[in-house]
Protein chains: 2
Amino acid sequence: MIKINLPELGKERVVIIGGGFAGLALALKLSKLNQYQVVLLDRNNYHQFQPLFYQVAMAGLEPSSIVFPFRKIFQKNKNIYIRITEVTKVNLEKKFLETSLGVCNFDHLVIATGADTNYFGNQKLESLAISMKTVSEALFLRNAILDDYEKALSTTDYEERQEFIDIVVVGGGPTGVEVAGALAEMREYVLPKDYPELDCREVDIWLVQGADSLLKGMSENASQKAYDFLEKMGVKIKLNTRVMNYDGGWVEMDDGSKIPAKKVIWAAGVKGAAPFGLPQEVMGNGNRVAVNEFNQVKGYENVYAIGDVATMVSEEFPYGHPQVAQVAIQQAKNLAFNLKKGLKNKNKHPFKYRDLGSMATIGRNKAVVDLPKFKFSGMFAWMVWLLVHLFQILGVRNKVIIFFNWVWNYLFYDQSLRLIIRPKINPRK
Amino acid sequence: MIKINLPELGKERVVIIGGGFAGLALALKLSKLNQYQVVLLDRNNYHQFQPLFYQVAMAGLEPSSIVFPFRKIFQKNKNIYIRITEVTKVNLEKKFLETSLGVCNFDHLVIATGADTNYFGNQKLESLAISMKTVSEALFLRNAILDDYEKALSTTDYEERQEFIDIVVVGGGPTGVEVAGALAEMREYVLPKDYPELDCREVDIWLVQGADSLLKGMSENASQKAYDFLEKMGVKIKLNTRVMNYDGGWVEMDDGSKIPAKKVIWAAGVKGAAPFGLPQEVMGNGNRVAVNEFNQVKGYENVYAIGDVATMVSEEFPYGHPQVAQVAIQQAKNLAFNLKKGLKNKNKHPFKYRDLGSMATIGRNKAVVDLPKFKFSGMFAWMVWLLVHLFQILGVRNKVIIFFNWVWNYLFYDQSLRLIIRPKINPRK
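Let me begin by describing the structure that accompanies this report. Please read these numbers as outputs of a predicted model, since none were measured by experiment.

Conventions and cut-offs
Residues numbered from 1 in each chain as written. Chains lettered and ligands numbered in written order. Predicted model: local features only at pLDDT ≥ 70, side-chain atom pairs only at ≥ 80, totals over all residues. Heavy atoms only, no water. Least-squares fit on C-alpha atoms with pLDDT ≥ 70 in both. Contact = heavy atoms within 4.5 Å. Patch = residues over 30% accessible without salt bridge, like charges linked within 9 Å, V, L, I, M, F, W, Y side chains within 5 Å. Areas by Shrake-Rupley, 256 points an atom, 1.4 Å probe, with all protein chains shown as cover. Salt bridge = Lys/Arg side-chain N within 4 Å of Asp/Glu carboxyl O. Lys, Arg positive; Asp, Glu negative; His and termini not counted. Charge placed at Lys NZ, Arg CZ, Asp CG, Glu CD. Helix = DSSP H or I, 4+ residues; strand = E, 2+ residues; numbered from the N terminus. Pairing = 2+ DSSP bridges. Axes fitted to C-alpha atoms, helices over the stretch in contact; angles between N-to-C directions. Buried area = accessible area lost by both parts, 1.4 Å probe. Polar contact = N/O pair within 3.5 Å; in protein donor to acceptor, adjacent residues only side chain to side chain. Nonpolar A, V, L, I, M, F, W, Y, C, P; charged D, E, K, R; others polar. Buried < 20%, exposed > 50% of the residue type's maximum accessible area, 1.4 Å probe, protein only. Parallel < 35°, antiparallel > 145°, perpendicular 65-115°, else oblique. Expected span 1.5 Å × (residues − 1). Arc of directions from axis to C-beta.

Our next topic: the relation of the copies chain B and chain A. Turning chain B through 180° and shifting it by 0.0 Å along the axis lays it on chain A, with an RMSD of 0.0 Å. When the rotation and shift are considered jointly, the pair of chain copies conforms to a two-fold rotation axis. Comparing interface residues between copies, 100% of those in chain B also sit at the interface in chain A, which points to an isologous, same-surface contact.

So this is what it looks like as structure tokens:
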């Protein structure tokens, strides 16, 4: 079996699988030191800023604005070896990984593979619904929405046209709420101008939520405001309802009702994206890897899991921490601190989550924000949402482009990126 | 057979195939009148600004900056019916088209299908070389270049690594010159920062030109300057040389020499992209449709061809006009004028080409410009190139984004869009 092409530096090698919020934050910290050889493996050559995927899907932002090439991020960090590859199997006992580029041995392994969409075992939904866990999927959704409006124009049958133009969003968390809001804005401001031949009042946007309110993790105030905002924008909200089945044309609920829609956007759940080859006994709830308070994987001193793929069970968090960026980044920083001190150090820091608050935006100029001490909503909340996200975006160039896009969109009620760009198939394969 | 879903307005219907420079300019003019029902057919939902494709390929611009959704362009023109569809066959005798959306009849047909890459019958080159006639192909080229640098990192064999990093550009026209210049800049400023593990001096960029100078259509001064600029940037130029064969790894010249390269960028020729179903007797040179001085297709009063796909042979232009944007736009305007006057009018304007000059840019801050009365090159020429292209770009938003990108690139020697975004496959098909 061939070996991955990496120099042997005589230093302990830390291999990080995945360059999401957790893996990237850790790699940035460690690659500034000379203590370890840092190897970052990812199947893409870029870090993705997940909180804005829905804006790519809704033609509000380009992928390049919210996605950052690793090599550019690490231009100034010398001690990093980036390899774009798929990890096919991990072997914790023998301390090596199998990848599409060859075998890679490690001294320390950090599993930071994030989360996948959870269809709760429903294979029909998995094959027919559209999820948004990668920027490619977000682009695909954009194409599907625009494609279907075009097809609706060429459809004389009323019912078939409904299938093309109606959209069902499943899941009332931040993603579902943000998608439904953006779709409602598109119907209001873009569709009538772009498709004068379509009757936009025929376009139905459904938001289906299993629980009894939206934004379950946030305050009651935020839930209620989000509901009010969306209802005012004409989104049809179904609470206490679960999607049971989908055949590509009709969505079936657990209350027996059916909605016609060619597009079901699935934002109803995630599960850990644990790599293949982990022993069964290290797995915790939700396909996540069970870790102790130092993010060490049960039974392996030199194997760690951080971020969405890790579950650190405690009294306060009986099912592990929420799968959000803040936890991922804080765990990465804590692990970097501990690795820096060295494995044998008795004074390692246990991880402690500091909740900085949460927020969701609804449409072009409204949001709900829960800070530890304040809760507010509306236009001012939207400005806070905007600033916080802009601040988190990597790179000055991207900040400028995104800010310009948002201001433009705000002033002219218009997303400008309504392109159906079909990929060219690789002729060389 | 089903009919395409279009209202019958009781007006004569003008069907335009293709929304490139020619088709778009004509549709914009006619859709402002109430005289005809204007139908625009295109396989994409956007107009593409071809002169900047190479910047998309070189990660300097996003597709969305140089590509414009038709529906947005026509938001204020009421008398237009846009259908995104492939025209599979034309029937001039019976006055209808077959499309992927159904049959479409016409009173007037305007063929504005543009040009395709010409591989001069070499099927191996056609299947293995990369062309740049669509924005999808430009994106594909971007992915291929970045992919191959990643692969080079994992290749220990010297010769195989050369294949991954060397690039051969075939064709010394504006596209070839601009691509070679951009690649040389990328090697100089981006590669050393992004791939410190690669030896950038090993990267060879070849420009192969069949004629005895570059930029054949331009002045001698421009040809020489372009040659000098590129040579100084380290591009290896082969004049009087033709590419005979390519097996995916080695490029074979007619002088017997061979260059190892996984990527051959083909900018060596175009041919008319005439639609299927035209009678043989209307075809002219280079797979183009022969037209008279009113752009009417030989033998059909109500069928026209404009732009790259048309060839209007005259003493001054024995092989038809050059296949450039200026000709396309001027022919469209002339045809719009004649259609407005009505078919029977004796005072129709014959087409007369007014050459406004030509230019090509080389790298980040140099260009060559031939105006009818002035010829100049260097930094000032680059600024003229920049302004002229910016002026031609549709939409204020795009102008701002492109200008910002170019200024950024100029100041920081950096293209920022080095993302390998792989398309998600459609699960619904």
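On the surface, a cluster of positive charge is contributed by Lys-29, Lys-32, Lys-333 and Lys-340 of chain A. Its place among the elements puts Lys-340 of chain A in helix H10 (residues 325–341).

Residues and elements named next belong to chain B. Spatial strand order, E22-E23-E24: three strands in an open sheet with antiparallel pairing. Edge positions in the sheet fall to strand E22 (358–361) and strand E24 (375–378), since each of these pairs with one other strand and no more. Ignoring which end each strand starts from, the neighbouring axes of this sheet average 5° apart. Of the strand pairs in this sheet, strand E23 (residues 367–370) and E24 are connected by four bridges, and their pairing is antiparallel.

A cluster of nonpolar side chains, contributed by Phe-403, Val-407, Leu-411 and Phe-412 of chain A, occupies part of the molecular surface with about 360 Å² of accessible area. With respect to the element layout, Phe-403 of chain A can be found in helix H12 (residues 396–412).

What follows is about the interface of chain B and chain A. Each partner contributes to the interface: chain B provides 60 residues, whereas chain A provides 60 residues. Carbon and sulfur atoms make up 56% of the surface buried where chain B meets chain A, a total of about 5,700 Å² over both sides. The tally of links from chain B across to chain A stands at four salt bridges. Across the pair Arg-83 of chain A and Glu-197 of chain B runs a salt bridge, and its minimum N-O distance is 2.7 Å. Between chain B and chain A we count ten residue pairs in polar contact (both at pLDDT 80 or more) in total. If you list the elements that add at least two residues to the side of chain B that touches chain A, you get helix H3 (63–66), strand E4 (67–69), helix H4 (70–73), strand E5 (80–84), helix H5 (123–128), helix H6 (135–153), helix H8 (174–194) and helix H12 (396–412) of chain B. With ten residues, H6 of chain B is the largest single contributor of residues to the side of chain B that touches chain A. When its residues are assigned to classes, the side of chain B that touches chain A shows 28 nonpolar, twelve polar and 20 charged.

Residues and elements named next belong to chain A. The residue Gly-307 is located in the loop between strand E20 (303–305) and strand E21 (310–311) in this model. By relative accessible area, Gly-307 is classed as buried at 6%. Spatially, the C-alpha atom of Gly-307 lies 9.3 Å from that of Pro-322, the residues being 15 residues apart in sequence. Other than its neighbours up to four places away in sequence, Gly-307 contacts Ala-22, Ala-328 and Gln-331.

A few words now on the packing of H12 of chain A against H12 of chain B. One way to put it is that H12 of chain A packs onto H12 of chain B with a least axis distance of 12 Å and a crossing angle of 170°. As the angle between them shows, H12 of chain A and H12 of chain B are arranged roughly antiparallel. On the side of H12 of chain A, the interface is formed by Val-396, Arg-397, Val-400, Ile-401, Phe-404, Asn-405 and Trp-408 of chain A, while H12 of chain B contributes Val-396, Arg-397, Val-400, Ile-401, Phe-404, Asn-405 and Trp-408 of chain B. Looking at the contact of H12 of chain A with H12 of chain B residue by residue, the class counts come to ten nonpolar, two polar and two charged.

Let us look at the sheet that holds strand E16 (residues 258–260) of chain B. All names here are of chain B. Within the open sheet, the three strands sit side by side as E14-E15-E16. Their pairing is antiparallel. Each having just a single partner strand, strand E14 (243–246) and E16 make up the two edges of the open sheet. Averaged over all adjacent pairs, the angle separating strand axes in this sheet is 25°, with direction ignored.

Quick look at helix H9 (residues 220–232) of chain A now. Residues and elements named next belong to chain A. Taking 1.5 Å of rise per residue, 13 residues should cover 18 Å, and H9 covers 18 Å from first to last C-alpha, within 8% of that figure. The set of residues buried in H9 consists of Ala-222, Ser-223, Ala-226, Phe-229 and Leu-230. Taken down its axis, H9 places every buried residue within 135° of arc, on the same side. Turned more than 90 degrees from where H9 packs its buried face, Glu-220 and Lys-232 sit exposed. Of the surrounding elements, those touching the buried residues of H9 are helix H8 (174–194), strand E12 (205–208), strand E13 (236–238), strand E23 (367–370) and strand E24 (375–378).

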